[in-house]
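Breakdown of the fold
Listed below, chain by chain, are the residues.
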Amino acid sequence: MSEIDNGGTASAPIPANPEPNPIRRLLAGSDGTGALLRRAGVVGGLAVIAIAVALLKSGSGLVVWQSVVTGLLMGGLYGLIAMGLTLIFGVLDIVNFAHGALLAIAMFIAFGVVQGTGVHPYLTLLVAVPALFLIGAVVHRGLLSGTGGASLENQLLITLGLSLLLENGLLMFFGAEPKNVALPGDFQFSLFGAVVAGGRLYAFAGALLIGAVLFWLLRRTRFGTAIRAVAANGQGAELVGVNVRRVHTVTFGIGTACAGAAAVLAAPLVTVTPTLGEQFNITAFVVVVLGGMGNVAGALVGGLLIGLVEQLTTIYMDGQSSLLGVFVVFLVVLFLRPQGLFGRRA
C-alpha cells in the first residue's frame, strides 16, 4: 500500500515497511486473489481427502455427512472469534491472551440480560457488542496502549494477568455453577439426512454476516482506510494526519466486539461458565496461526477447517478428545508451513 486518500482531497506517500504484515497485504489487496484462491483450493482438496478417509473408516455416509455439517457450522463461529483476535495482532502487534475471558464476559452479559428482562437471547447483541467494544477500548487505553510492538513477554504477562482477573471476577460475581441460555423457538431440520439445529444455523449465518460487515468496514470506509494505513506503516500514517492512538484503541475495541458477538451467538449452544473462555481461546489461537497471523480471510477459512477437524476426529479416533485432531493438524501445518496456510514468508 503506497498512499492514503485523505478524505479525497490530498494524498501522501507512505514509507515502505521492510517486514510485510499479512493483514496489510490482504486488506490492501496485494496478496493476490489468485494466490488466495489457490491456497483455499488446496485446503479444500485436503478437506475432501480427509472426508473420504473418514467415510472409508466409518462405513456410514450419514455419520460423516452429519460431522461435516456440524463442523462447518461451528467453524464459522470459530472464524468470527479468530477474526477479532487476528485483527488486533495485525494492526497493534498485540497477542491478546485475554480474548477468551472477554468472550466469557459477553456470555454472562447475555445471560444476565435474558434473566433480567426475558428478551430473546440474540437481542442481547445490542447490549453485549457495544459493551465489549467499550471494555476493549478501556483495556487498551488503560493497560495495553504501551505494549504494541513490545516484547512478547510483556504482552503475555499483562494479558494473562488480565484474563485471570476477569475469570476470577466472574467466579466471585456469578459463582461456579454452570448457566444456560435457552433459545426460544429452537428447531431442528434435516439437510440431506443430517440433523441441523436452528441455533447452530443462526450462529453460522450470524458469524458470516458479521465477518462480511467487518471486511466491508476495513475495505470500504474511511476509518477502514485509516486502519489499513496504520497496519501498513504507523509512522507514515501519523505524518498524513491519522490519529494512530485512536485507531489502535478503536481497532482493539472492534476485535473484542467480534468476540462479544460470537459469545452471544454461541451462548445458547454451550454451558456458560466463568472459565469457558479458555477453551475458545485455545481454539482461536490455533485458528489464527493456521490461517496466518494477521490474516482476516485466513481466520475464517481456518475456523471452518478446525470445526471440520474437530468433528472428523471423533470418527478417526473414537473415544479421544476432539482437540487431539486439532493439535495434530496444528503441528503438521507449523512443521510444513510455519507462516500459516495463508501467510507469506518474510
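Computed from a predicted structure; not experimentally measured.

Comments concerning the pairing of strand E4 (residues 194-197)
Residues Ala194 and Val196 line the buried face of E4, whereas the alternating positions Val195 and Ala197 sit on a face that is not buried. Here strand E3 (residues 188-191) runs beside E4; their pairing, made up of 4 bridges, is antiparallel. Bridge pairing links serine 190 to valine 195 in E4. If you look at the hairpin formed by E3 and E4, you'll find 2 residues sitting between the two strands, and phenylalanine 192 has a positive phi there, around 55°.

A short note on the confidence of the model for the protein chain
For the protein chain, the average pLDDT comes to 82, and 86% of its residues sit at 70 or higher. Per-element mean pLDDT across the protein chain ranges from 40 in strand E1 (residues 3-6) up to 93 in helix H4 (residues 99-117). When the criterion is pLDDT under 50, residues 22-30 qualifies, and its contacts beyond four places in sequence or with other chains add up to 33 contacts.

Quick word on the packing of helix H3 (residues 61-92) against helix H10 (residues 244-266)
Interhelical geometry of H3 versus H10 gives an angle of 170° and a closest axis separation of 8 Å. Classified by the interaxial angle, the pair formed by H3 and H10 is roughly antiparallel. The residues of H10 that touch H3, namely those facing Leu77, Leu80, Ile81, Gly84, Leu87, Ile88, Val91 and Leu92, are His248, Thr251, Phe252, Ile254, Gly255, Thr256, Cys258, Ala261, Ala262, Leu265 and Ala266. Tallied by class, the residues present in the contact of H3 with H10 amount to 14 nonpolar, 5 polar and no charged.

Remarks on the environment of valine 119
Here valine 119 shows up in the loop between H4 and helix H5 (125-144). The spatial distance from the C-alpha of valine 119 to the C-alpha of proline 184 is 9.8 Å, given a sequence separation of 65 residues. Not counting residues up to four positions away in its chain, the partners in contact with valine 119 are Val113, Val114 and Thr124.

Looking at unusual backbone geometry
Trans is the common state for peptide bonds, and a negative phi is the common state for residues other than glycine. Unusually for a residue other than glycine, aspartate 93 sits at a positive phi of about 60°. As for its placement among the helices and strands, aspartate 93 is situated in the loop between H3 and H4. Of the residues examined, aspartate 93 reaches a relative accessible area of 36% and is grouped as partly exposed.

A short note on a nonpolar patch on the surface
A cluster of nonpolar side chains, contributed by Leu324, Val328, Val332, Phe335 and Leu336, occupies part of the molecular surface with about 510 Å² of accessible area. Leucine 324 sits in the partly exposed class, given a relative accessible area of 36%.

Observations regarding the packing of H5 against H10
Where H5 contacts H10, the axes come no closer than 7 Å and their chain directions differ by 140°. Here H5 lies oblique to H10, going by the angle between them. As H5 packs across H10, the resulting crossing turns out to be right-handed.

Some details on helix H6 (residues 152-174)
Taking 1.5 Å of rise per residue, the 23 residues of H6 would be expected to cover 33 Å, and the 32 Å separating its terminal C-alpha atoms lies within 8% of that figure. Turning to H6, its buried residues number three or more, namely Gln155, Thr159, Leu162, Ser163, Leu166, Glu167 and Leu170. In this fold, the buried residues of H6 make contact with H4, H5 and helix H11 (276-291). The positive-phi residue at the C-terminal boundary of H6 is glycine 175, with phi of around 80°.

Here we look at the packing of aromatic side chains
The geometry of an aromatic ring pair is captured by two quantities: the separation of the ring centres and the angle between the planes. Evaluated as defined, the whole model comprises 8 aromatic pairs. On the basis of an interplanar angle of 20° and a centroid distance of 4.5 Å, the ring pair of phenylalanine 97 and phenylalanine 285 is categorised as stacked. Remark: phenylalanine 285 occurs in helix H11 and phenylalanine 97 occurs in the loop between H3 and H4; sequence separation between them is 188 residues. Of the residues examined, phenylalanine 97 reaches a relative accessible area of 24% and is grouped as partly exposed. What links up through ring pairs into an aromatic cluster is the set Tyr122, Phe187, Phe189 and Tyr202.

Quick notes on the nonpolar core
Within the largest apolar cluster, 83 residues are counted, with the highest numbers of intra-cluster contacts made by Leu80, Met107 and Phe280. Those residues in contact with methionine 107 that sit more than four places away from it in its chain are Ala263, Ala266, Ala267, Val270, Val272, Leu276 and Phe280. The next biggest cluster of nonpolar side chains, apart from the first, holds 7 residues, and it includes Ala47, Ala54, Leu308 and Ile315.

Cut-offs used in this document
- Counting restarts for each chain: residues are numbered from 1 in the order of the written sequence.
- In view of the model being predicted, local features appear only for residues whose pLDDT reaches at least 70, and side-chain atom pairs are presented and counted only at 80 or more, with totals across whole chains, interfaces and linings using the full set of residues.
- Hydrogens and water are ignored here; the side-chain numbers use all heavy atoms of the structure.
- In this scheme, a residue with accessible area under 20% of its type's maximum is buried, one over 50% is exposed, and one in between is partly exposed, where area comes from a 1.4 Å probe on protein chains only.
- A run of H or I in DSSP counts as a helix once it spans at least four residues, and a run of E counts as a strand once it spans at least two, with each numbered from the N terminus.
- A pair of strands is considered paired only if DSSP assigns at least 2 bridges between the two.
- Per residue, pLDDT captures the predictor's confidence, and it can take any value from 0 to 100.
- The contact definition used throughout considers only heavy atoms, calling two residues in contact when any of these lie within 4.5 Å.
- Lines fitted to the C-alpha atoms define the axes, with helices restricted to the stretch that makes contact. Angles between their N-to-C directions range from 0 to 180 degrees.
- Note on terminology: angles under 35 degrees are roughly parallel, angles over 145 are roughly antiparallel, angles of 65 to 115 are roughly perpendicular, and the others are oblique.
- Residues were grouped as follows: Ala, Val, Leu, Ile, Met, Phe, Trp, Tyr, Cys and Pro as nonpolar; Asp, Glu, Lys and Arg as charged; and all remaining residues, including Gly, as polar.
- Excluding any residue in a salt bridge, patches collect residues exceeding 30% relative accessible area, merging like charges within 9 Å and nonpolar Val, Leu, Ile, Met, Phe, Trp and Tyr side chains within 5 Å.
- Note on areas: Shrake-Rupley with a 1.4 Å probe; residue coverage comes only from the protein chains shown.
- What counts as a salt bridge is simple: a side-chain nitrogen of Lys or Arg found within 4 Å of a carboxyl oxygen of Asp or Glu.
- Here a crossing is taken to be left-handed if its near helix is turned anticlockwise relative to the far helix by less than a right angle, and right-handed if that turn runs clockwise.
- In a helix, the anticipated span is given by 1.5 Å times the number of residues less one.
- The aromatic pairing rule takes the rings of Phe, Tyr and Trp, using the six-membered ring of Trp, and pairs them if the centres are within 6.5 Å, calling planes under 30 degrees apart stacked, those over 60 edge-to-face and the rest tilted.
- By nonpolar core we mean a set of buried residues, namely Ala, Val, Leu, Ile, Met, Phe, Trp, Tyr and Cys, connected to one another through side-chain atoms within 4.5 Å.

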